[in-house]
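Summary of the model geometry
The primary structure of each chain is shown beneath.
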Amino acid sequence: MVRDDAYDHDILILGGGLVGSALACALDRSGWRVGQVEASAPQAGAPGFDERKLALAQASLNALQALDVLPRLATPPAPIRRIHVSRAGDFGSVRLEAAEHGREAFGAVVLARELGQALEARLSACGDLVRHRPAQVIRVQPDADGPVVWIEQDGSERRLRTRLLVAADGSRSLARAAHGIGAEEHDYGQTLVVCSVATDRAPDGTAYERFSDEGPVALLPMAGGHYGAICGVAREDAARVLALDDAGYASYFQQRFGWRAGRVLRVGARGGYPIVRVVAERLTAPRLVVMGNAAQTLHPIGAQGFNLGLRDALSLAEGLVGEDPGAAPVLAAYVEARREDRERTLAFSDGLARATANGSFPMHLLRSLGLLALGHVPGLADPLVAGAMGFRGRVPVLSRGGA
Ligand SMILES: Cc1cc2nc3c(=O)[nH]c(=O)nc-3n(C[C@H](O)[C@H](O)[C@H](O)COP(=O)(O)OP(=O)(O)OC[C@H]3O[C@@H](n4cnc5c(N)ncnc54)[C@H](O)[C@@H]3O)c2cc1C
């Protein structure tokens with residue numbers, strides 16, 4: 001590590017969402033001069049620190065524990081001990097038991113707002129981190145010696161120079177575009193409606209995923225005796241569904257999900273998320289790394305987006321060896337370290353989203369047989385389970401835990 005005063009930072013993280021903040025935690029005490037730019041004000045919280053429910057894979061729980069983030073959660077994570085997958089109109093269903101795979105749980109569910117607050121609390125204990133916040137990045141100029149970043153803060157403009165720029169600035173990444181990295185987009189034509197649901201049967205650690213031609217529906221067990229409910233709705237129907245009152249939505253959700261988790265008693269305030277997949281064509285440019293939603297924005301149904309982005313952050317932090325964090329070999333090693341996990345997770349998430357939405361008869365049959373086989377053929381579910389728990393490709397050290 002060599003200090004070079006021509007630069008304001010060795011590493012500048014653009015974005016203080018879940019992934020940028022997790023990276024800042026992972027770089028605490030690394031010795032690098034780390035800076036972070038985030039547009040939102042601290043008291044408002046980053047836009048992603050909202051009421052969405054996040055299923056965290058075991059690999060993520062291991063890492064967040066090691067980073068001292070998990071102990072700062074206001075509500076402890078609710079474990080997922082089994083997963084029940086079914087599809088309206090298909091005859092197969094599958095029930096995966098963590099205990100049958102030698103695990104106590106596959107993962108656990110937290111509220112994004114509370115995870116954001118826990119990350120915030122952890123970041124305020126990072127003595128060396130320089131936070132530019134609230135500050136808007138207005139321009140990024142690529143430069144082989146280190147990108148130049150213009151920020152607007154307190155009504156004035158400032159220029160920052162860094163040896164490595166990390167674009168963790170979300171799906172519409174300005175840094176990604178400024179470096180000429182294109183992104184492939186696919187609009188699923190769906191809006192996900194997210195809220196809390198209480199039923200007459202308390203959650204017992206089962207996460208339910210139910211697929212239908214109208215879109216996926218999921219119930220995630222939450223602490224406090226209720227579920228996190230996610231319901232995919234065709235985009236053209238979203239405004240109508242979001243406008244339903246509580247009783248109307250409770251009955252709509254019951255009809256979409258069925259009765260497996262009991263009668264819906266109450267529903268909380270609804271939020272709508274239009275779902276578009278965005279995949280960057282490259283992860284790096286000279287002295288730039290793209291990660292998290294800026295690198296890949298996935299359909300939330302597979303619950304992989306943050307889990308994958310966290311592994312992006314951990315891999316980068318782990319690979320920053322040597323004297324120059326932006327050196328070409330460091331970036332090449334990062335791309336290689338992320339290749340398998342990224343490819344397999346993208347294929348899994350997109351495959352799940354597309355296959356489960358296809359209503360043709362052969363697909364019904366294949367899906368039914370597939371679900372039946374998963375539940376009944378020993379060993380068939382093992383790779384799926386390991387992948388969904390975040391153990392794909394080269395697993396970052398902090399994610400391994402006792403696994
Ligand atoms: C309904 C829903 C459910 C989900 N469920 C799960 C789940 O169960 N499990 C899971 O793993 N994932 C899930 N996800 C995905 C997960 O929420 C995202 O992958 C994750 O939040 C991405 O974080 P990020 O930090 O990469 O991006 P973002 O959250 O988009 O953060 C980017 C940050 O950069 C800042 N920024 C952007 N541009 C600028 C600029 N020019 N100047 C300054 N700041 C800027 C923004 O203010 C923002 O804070 C879900 C997503 C949705 C929508």
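Residues numbered from 1 in each chain as written. Predicted model: local features only at pLDDT ≥ 70, side-chain atom pairs only at ≥ 80, totals over all residues.

Observations concerning the site of the ligand
- Around the ligand, a shell composed of 34 residues is seen, among which G17, G48, G170, G292 and G305 lie nearest.
- Among the elements that take part in the shell around the ligand, helix α7 (residues 305-319) stands out by supplying 4 residues, more than any other.
- For the shell around the ligand, the residue count by class is 17 nonpolar, 14 polar and 3 charged. (Near = placed C-beta within 6 Å. Helix = DSSP H or I, 4+ residues; strand = E, 2+ residues; numbered from the N terminus. Nonpolar A, V, L, I, M, F, W, Y, C, P; charged D, E, K, R; others polar.)

Brief notes about unusual backbone geometry
- R133 connects to P134 through a cis peptide bond whose omega is -5°.
- One non-glycine residue, D68, lies in the positive phi region at around 65°.
- Mapped onto the elements of the fold, D68 is located in the loop between α2 (58-66) and β4 (78-80).
- On the basis of neighbour count, D68 is assigned to the partly exposed category, with 14 C-beta atoms found within 10 Å.
- The backbone of R287 shows a phi angle near 60°, a positive value even though the residue is not glycine.
- For R287, a count of 23 C-beta atoms within 10 Å translates into the label buried. (Buried ≥ 20, exposed ≤ 12 C-beta atoms within 10 Å, placed from the backbone.)

Quick word on α7
- Taking 1.5 Å of rise per residue, 15 residues should cover 21 Å, and α7 covers 21 Å from first to last C-alpha, within 8% of that figure.
- With 14 of 15 residues buried, α7 lies mostly within the body of the structure. (Expected span 1.5 Å × (residues − 1).)

Structural notes on the sheet that holds strand β3 (residues 53-57)
- Spatial strand order, β3-β7-β4: 3 strands in an open sheet with antiparallel pairing. The outermost strands of the open sheet, each flanked by one partner alone, are β3 and β4. Strand-to-strand twist of the sheet, defined as the mean angle between neighbouring strand axes without regard to direction, takes the value 35°.
- Sheet topology note: the β4/strand β7 (residues 107-111) ladder contains 3 bridges and is antiparallel. Considered in β7, the bridge of A78 is made with V109.
- Contacts from α2 reach β3 and β7 within the one sheet, and its direction differs from that of β3 by about 90°. (Pairing = 2+ DSSP bridges. Axes fitted to C-alpha atoms, helices over the stretch in contact; angles between N-to-C directions. Contact = placed C-beta atoms within 7 Å.)

Notes on the packing of helix α1 (residues 18-26) against helix α3 (residues 112-124)
- At a minimum axis distance of 10 Å, the contact between α1 and α3 shows a crossing angle of 30°. Regarding the angle of α1 to α3, the classification is roughly parallel. Note on packing geometry: the crossing formed by α1 with α3 is left-handed. Across the interface between the two elements, L18, S21, A22, A24 and C25 from α1 touch L115, G116, L119, R122 and L123 from α3.
- Taken together, the residues that form the contact of α1 with α3 break down as 7 nonpolar, 2 polar and 1 charged. (Parallel < 35°, antiparallel > 145°, perpendicular 65-115°, else oblique. Left-handed = near helix turned anticlockwise from the far one by under 90°.)

Things to note about the environment of E318
- Of note, E318 is situated in helix α7.
- You can call E318 partly exposed: it has 17 C-beta atoms within 10 Å.
- Once the C-alpha coordinates of E318 and P396 are considered, the two residues, 78 residues apart in sequence, prove to be 7.5 Å apart.
- For E318, the contacting residues outside a window of four places in its chain are P396 and V397.

Some remarks on the environment of H9
- As for its placement among the helices and strands, H9 is situated in strand β1 (residues 9-14).
- The spacing of H9 and Q36 is 27 residues in sequence and 9.5 Å in space, taken between C-alpha atoms.

Here's the deal with the pairing of β1
- For β1, the buried fraction is high: 6 of the 6 residues fall into the buried class.
- Taken together, the 5 bridges between β1 and strand β11 (residues 156-167) define a ladder with parallel strand orientation. Each residue of the ladder has a partner; that of I11, found in β11, is L164.
- Bridge count between β1 and strand β2 (residues 34-37): 4 bridges; the pairing is parallel. What sits directly across from I11, in β2, is V34.

Examining the packing of α1 against α7
- For the pair α1 and α7, the least separation of the axes is 9 Å and the interaxial angle reads 30°. In terms of orientation, α1 lies roughly parallel with respect to α7. Read as a crossing pair, α1 and α7 show a hand that is right-handed. Only F306, G309, L310, D312, A313, L314, L316 and A317 of α7 make contact with α1, whose side of the interface consists of L18, V19, A22, L23 and A26.
- Of the residues contributing to the contact of α1 with α7, the split by class is 11 nonpolar, 1 polar and 1 charged.

Focus: the nonpolar core
- Core analysis: the biggest nonpolar cluster contains 112 residues, and L23 and V166 have the highest contact counts within it.
- Considering every element that reaches this core, the biggest residue donor is strand β12 (residues 183-199), with 8 residues.
- For L23, the residues in contact, after removing those within four places along its chain, are I13, V166, A168, A313, L316 and A317. (Core = buried A, V, L, I, M, F, W, Y, C linked by C-beta atoms within 7 Å.)

Brief notes about α3
- Here α3 spans 18 Å end to end across 13 residues, near enough to the 18 Å set by a 1.5 Å rise per residue.
- Along α3, the positions that sit buried rather than exposed are A112, L115, G116, A118, L119 and R122. Take α3 and look down its axis: the buried residues cluster within an arc of 160°, on one side only.
- Looking at the buried residues of α3, the elements they touch are α1, β3 and β7. (Arc of directions from axis to C-beta.)

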